[in-house]
Amino acid sequence: MKVDTHLLQAKLLFEASLINEAEKLYLEVLTKYPNQPNANFNLGLITLKDQRIERSLIYFKTALEADPEQRQYWISYIDALIQAKLYEDADIVLSYGLKAGLNGHEVVSLMARCRHDDKTSSVHINMPASYVEDELISLFSEARYEEVEHKLLTLMQDYPDWLVGWKILSDTLLVQQKDARIPAKRALELNPNDAKEHCYYGLILKKEGDLKGALSAFEQAVILKPDYAAAYNNLGIVCKDMGNVEEGIRYYRQALQINPRYASCYSNLLFCLSHSENIEVNALFKEHLLFAEQYELPLKAKWPKHRNVPDGQRCLKIGFVSADFRDHSLVYFFEPILKYLASSLKLSLYAYSASVIEDQVTARLRAEFRFWNKVDALSDEAFAKRIIDDEVDILVDLDGHTSGNRLLTFALKPAPIQVSWLGYLATTGLAAMDYYFADGYLLPSGKYDSQFTEKLVQLPANAPFMPHALAPEVNRLPALTNGYITFGCFSRPSKITRNVVKLWCSLLKAIPKSKLLLGAMSLDGSYEILVNWFSQEGITGSRLIFQPRSDMATYLRLHYEVDICLDTFPSNGVTTTCHAAWMGLPTLCLEGDSLTSRGAQGVMKHLSLGDFVAKDEASYVVRGQSCVNNINQLDLLRQSLRDRFRQSLLARPDVIANGLELAFQQMWKRWCLKLPAEAIEISISE
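Residues numbered from 1 in each chain as written. Predicted model: local features only at pLDDT ≥ 70, side-chain atom pairs only at ≥ 80, totals over all residues. Heavy atoms only, no water.

## Things to note about the sheet that holds strand β14 (residues 680-681)
Item 1. Ordered by their spatial adjacency, 8 strands build an open sheet running β3-β2-β1-β4-β5-β6-β7-β14, and the pairing between neighbours is parallel. Only two strands of the sheet have a single neighbouring strand rather than two, namely β3 (371-374) and β14.
Item 2. Across 2 bridges, strand β7 (residues 455-459) lies against β14 in parallel orientation. Bridge assignment links Gln 458 to a residue of β14, and that residue is Glu 681.
Item 3. Each of β1 (316-322) and β2 (347-353) is contacted by helix α18 (residues 330-342), which is oriented at about 145° to β2, the strand it contacts most. (Pairing = 2+ DSSP bridges. Helix = DSSP H or I, 4+ residues; strand = E, 2+ residues; numbered from the N terminus. Contact = heavy atoms within 4.5 Å. Axes fitted to C-alpha atoms, helices over the stretch in contact; angles between N-to-C directions.)

Structure below.
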């Protein structure tokens, strides 16, 4: 008998759902080789599925004993024991597996199922000694997360009702970017009347893309605790992510009524307002000024007298602050320029990382800085003192009013010169922030200055863009073979407003066979509001293609299905516009009246694609029709756009880095001369 041939044939039969035939072949193998692990394991799967549980246990046990290195053999055997209600046996096998190094999400799931279902388990529900908890917390604080996880997986075998243990396990998985739903749910089961427990579980669900579940958890939290500001803030976040921006704004304001000192919630409100079509530019600016009045004004008395040496020729200490020194869209714009700044003899770079999460991207960035400081656990006052002690000359904010920002540290004015850049396409509103970096396409000199408390600095380009390493080669225009145009948008649902849908529908109606692919939808399908908007405008589901948020490779590959991208307003997509351009797709956009609504047109103009920028909504459809009239010409543009990108300033980090260095020097010289900040324009010739 050729065992490998039998196993392969059985596998093919199994995959073809010819279960009886597959079982016969596996049994033939066992007649000659009764301990063959592959045959035993698959017979275990077949008999378990057929509810022959006792028989499956024999097969799984034999497979595991024959080849204990196979992780799935452990998982399936323990699962079958639980289904057979042999909880103590499952505990024993699980404990052996843990000692052998078994870990991961499925293991946590088995633990929770075993303990939750075992109503007659003889395991005691005692809590471990207090020093155990102290030891785990100490290990966690030292970022020894895998060690904490392994210890807890073992501990929870003996203490299945230890609430604190499940909480620490959940936090440990969360910080490692692992799925923490099972321990968080177990903690909630042990503590169902605690509003904070529901709120925490909602955060875990949100992270895993279950927005509907998260919404329900946060709603339960405010039922249990009606004055729970953090829960209202989280409701705002989820509503915004589901595309219901106005509802998000309402929840943020409700949270701030409960706790007016909730600065991070106010930042969330400002970010959400920047996505709203119901607020004018001047009103949005005033909202930013109110942030400063609320949170910065009381701190002005604490502003230090800076003792930095006023030498206009010396090497400058430049600090960069961000919660996004990790796998984040910021990195596409910041990393390519960083190595040029780091190589300058006139600059000494300091990083202040405000995120608990660190990954491979963090390691890459860390290598470029002379000094790296992790400040996520520092208070604003302690963080400001660190900057003062480091004698930083120019401090650069890379977050603005986005998640994890440290604007209250900037409000303490720890550095003589402070600048906002990249992370947030609007003013911070702070008097302590001296400058804002942009370029002439984004903010033409003198035209939008009144929307900023900061003085505007015009660089040759606001930032370069680093294409992703996974980006595939550009394909031919899909319309050539489809026979119709496919528009696409990869922006978050929160950016797709009612007026955006209305304008897109006008375009779809003007080009009858066209379709629209929306490629950043939530995993749980919570985008009914968008479906309703399209339906109200007369566009049926047959012309819409909804794709969930995905990994980077899948996201980039989706561009193969799209001919032209459509931008959103009033909040543009900049990262998505750059990715699309690299994949050969131009983006049809509006020329907005604020920085938030000018990002996409800035990219298009850097690529000399002004034909894809409409002055107003009236000309948008006309532009769109014109762009698709000649699909052969559109295909030629697709094939040449990557080269066009390479020749633009978006692919010249050296030029932009030189512009930044010149800007830093001009800012510093003004400070040395005790002159106030003023608008600066850096030309390439400099």
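From this point, the narrative continues.
## Things to note about the layout of surface pockets
Item 1. Computed from the structure, the second largest pocket encloses a volume of approximately 540 Å³.
Item 2. The wall of the second largest pocket is formed by 28 residues, among which Val 281, Pro 570, Asp 593, Ser 594 and Ser 597 lie closest to the centre.
Item 3. Counting residues per element, the lining of the second largest pocket draws most heavily on helix α17 (residues 281-296), at 4 residues.
Item 4. By residue class, the composition of the lining of the second largest pocket is 12 nonpolar, 10 polar and 6 charged. (1 Å grid on protein atoms, 1.4 Å probe; cavity = no way out; pocket = protein on both sides within 12 Å on 5 of 7 lines; lining within 4 Å. Points joined across faces, edges and corners; volume = space filled by probe spheres on them. Nonpolar A, V, L, I, M, F, W, Y, C, P; charged D, E, K, R; others polar.)

## Things to note about the packing of aromatic side chains
Item 1. For the coordinates displayed, the defined rule picks out 27 aromatic pairs.
Item 2. With a centroid separation of 5.6 Å and 80° between ring planes, the pair formed by Trp 582 and Phe 645 is classed as edge-to-face. Placement of the pair is Trp 582 in helix α26 (residues 575-582) and Phe 645 in helix α29 (residues 631-646), with a sequence separation of 63 residues.
Item 3. Here the aromatic cluster, defined as three or more aromatic residues joined through ring pairs, consists of Phe 320, Phe 325, Phe 334, Phe 369, Trp 372, Trp 421, Phe 437 and Phe 664. (Phe/Tyr/Trp six-rings, centres within 6.5 Å; stacked < 30°, edge-to-face > 60°.)

## A word on the environment of Lys 151
Item 1. Relative to the helices and strands, Lys 151 resides in helix α9 (residues 145-158).
Item 2. Assessed through its relative accessible area of 30%, Lys 151 is described here as partly exposed.
Item 3. For the pair Lys 151 and Leu 365, spaced 214 residues apart in sequence, the C-alpha separation works out to 31 Å.
Item 4. Other than its neighbours up to four places away in sequence, Lys 151 contacts Glu 135, Leu 136 and Leu 139. (Buried < 20%, exposed > 50% of the residue type's maximum accessible area, 1.4 Å probe, protein only.)

## Examining the pattern of salt bridges
Item 1. One pass over the full model with this rule turns up 36 salt bridges.
Item 2. Residue Arg 144 is joined to Glu 142 by a salt bridge in which the shortest nitrogen-to-oxygen separation is 2.8 Å.
Item 3. Residue classification places Arg 144 among the partly exposed positions, given a relative accessible area of 37%.
Item 4. Using a relative accessible area of 44% as the deciding quantity, one classes Glu 142 as partly exposed.
Item 5. Between Lys 212 and Glu 528 there is a salt bridge; the shortest N-O distance is 2.9 Å. Taken together, the residues span a long stretch of sequence, with Lys 212 in helix α13 (residues 211-224) and Glu 528 in helix α24 (residues 528-536) at a distance of 316 residues.
Item 6. When salt bridges that share partners are traced, they join Glu 591, Arg 598, Lys 605 and Lys 615 into one network. (Salt bridge = Lys/Arg side-chain N within 4 Å of Asp/Glu carboxyl O.)

## With respect to the confidence of the model for the protein chain
Atomic detail in the predicted coordinates should be set aside for any region of low pLDDT.
Item 1. Mean pLDDT over the protein chain: 92, with 97% of residues reaching 70 or higher.
Item 2. Scored below 50 in pLDDT, residues 117-124 makes 12 contacts in the model with residues more than four places away or belonging to other chains. (pLDDT = per-residue confidence, 0-100.)

## Here's the deal with the nonpolar core
Item 1. Of all hydrophobic cores here, the largest spans 104 residues; its most connected members are Phe 320, Phe 334 and Trp 421.
Item 2. The element that contributes the greatest number of residues to this core is helix α30 (residues 653-672), accounting for 9 residues.
Item 3. In contact with Phe 320, other than residues within four places in its own chain, are Phe 325, Phe 334, Leu 341, Leu 349, Tyr 350, Ala 351, Tyr 352, Phe 369, Val 396, Leu 398 and Trp 421. (Core = buried A, V, L, I, M, F, W, Y, C linked by side-chain atoms within 4.5 Å.)

## What about the sheet that holds strand β12 (residues 587-590)?
Item 1. The parallel open sheet is built from 6 strands, whose spatial order is β10-β9-β8-β11-β12-β13. Because the sheet does not close on itself, it has two edges, and the strands there are β10 (544-548) and β13 (613-614).
Item 2. In this structure, strand β9 (residues 515-521) lies alongside β10, joined through 4 bridges in parallel fashion. Directly across from Met 521, in β10, lies its bridge partner Pro 548.
Item 3. Along the sheet, helix α28 (residues 617-628) makes contact with β8 (486-489), β11 (564-566), β12 and β13, crossing β12 at roughly 165°.

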